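The residues making up each chain are set out below.
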Amino acid sequence: GAVVSQHPSWVICKSGTSVKIECRSLDFQATTMFWYRQFPKQSLMLMATSNEGSKATYEQGVEKDKFLINHASLTLSTLTVTSAHPEDSSFYICSAGHLAGAGEEQYFGPGTRLTVT
Amino acid sequence: GENVEQHPSTLSVQEGDSAVIKCTYSDSASNYFPWYKQELGKRPQLIIDIRSNVGEKKDQRIAVTLNKTAKHFSLHITETQPEDSAVYFCAASQGAQKLVFGQGTRLTINP
């Protein structure tokens, strides 16, 4: 149980275009999902909290108009990188909380490697 | 907000020896402390976690200790094996919500 998927696993796009990344909880419902970004050899940095049926909450320094988040259902959140630039190239990972024995745990999707040329 | 510091950044140990990675956190409201293992290009995998109502937790060769007073927690891996080589991240949060990660430790197990 507690499987999170992402699509696509990798994408190459041209500068100025937009890219949509999907995050799905396959065997559980998630009212909250999280989006992280990880640059090479660095840690994971939280970008935003995606709330089902309401607006996302963005971390300081993350442009909400550039990284559009939609959480349309209890199993799907999407991140759209608008007007992508080479500096947006990164590994984007989502996570969702799942209630385990002792409490909630965060499970991560496989990540999406975005390369902007 | 929360700030998590992780040490060391790299760690090399002989196969069979033990490895210890340490983290400190700043927010006394944090009550959930997971450890993740990440292999190159892969997702972080939860290997063990501890909540603030206990001081130690063990799962086979892996153990985690928590000192709430000092605001630090540690990962202990015993009888290390080559497949333990990876990057390990600690994290802290309130109720497993917004995870704040440490900088990561690249662990290398030498045969």
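Residues numbered from 1 in each chain as written. Chains lettered and ligands numbered in written order. Predicted model: local features only at pLDDT ≥ 70, side-chain atom pairs only at ≥ 80, totals over all residues. Heavy atoms only, no water.

Peer 1: What should I look at first to understand the layout of surface pockets in this one?
Peer 2: Empty space among the atoms can be located by rolling a probe the size of a water molecule over them. By volume, the largest pocket is sized at about 550 Å³. As for the largest pocket, its lining consists of 25 residues, and the residues nearest its centre are A:Met45, A:Leu46, B:Glu2, B:Val100 and B:Phe101. Broken down by secondary-structure element, the contributors of at least two residues to the lining of the largest pocket are β5 (44-51) of chain A together with β10 (100-101) of chain B. With four residues, β5(A) is the single largest residue contributor to the lining of the largest pocket. Its residues assigned to classes, the lining of the largest pocket comprises ten nonpolar, ten polar and five charged. Considering only enclosed or pocket space, the second largest pocket measures out at about 450 Å³ in volume. Forming the walls of the second largest pocket are 22 residues, and the residues nearest its centre are A:Gln38, A:Lys41, A:Gln42, B:Val87 and B:Arg106. (1 Å grid on protein atoms, 1.4 Å probe; cavity = no way out; pocket = protein on both sides within 12 Å on 5 of 7 lines; lining within 4 Å. Points joined across faces, edges and corners; volume = space filled by probe spheres on them. Helix = DSSP H or I, 4+ residues; strand = E, 2+ residues; numbered from the N terminus. Nonpolar A, V, L, I, M, F, W, Y, C, P; charged D, E, K, R; others polar.)

Peer 1: How do you make sense of the state of the cysteines when you look at a structure like this?
Peer 2: Note on terminology: disulfide describes a covalent bond linking the sulfur atoms of two cysteines. Taken as a whole and judged by the stated rule, the model has two disulfides over all chains. With its sulfur 2.0 Å from that of its partner, A:Cys23 forms a disulfide with A:Cys94. In this structure the cystine formed by A:Cys23 and A:Cys94 twists about its S-S bond by roughly 80 degrees; its chirality is therefore right-handed. Of this pair, A:Cys23 sits in strand β3 (residues 19-25) while A:Cys94 sits in strand β9 (residues 90-99), and the two are 71 residues apart along the sequence. Residue A:Cys23 is classed as buried on the basis of its relative accessible area, which comes to 0%. B:Cys23 shares a disulfide with B:Cys90; S-S distance 1.9 Å. Across the disulfide from B:Cys23 to B:Cys90, rotation about the S-S bond amounts to roughly -100 degrees, and the bridge is consequently left-handed. (Disulfide = S-S within 2.5 Å. Buried < 20%, exposed > 50% of the residue type's maximum accessible area, 1.4 Å probe, protein only.)

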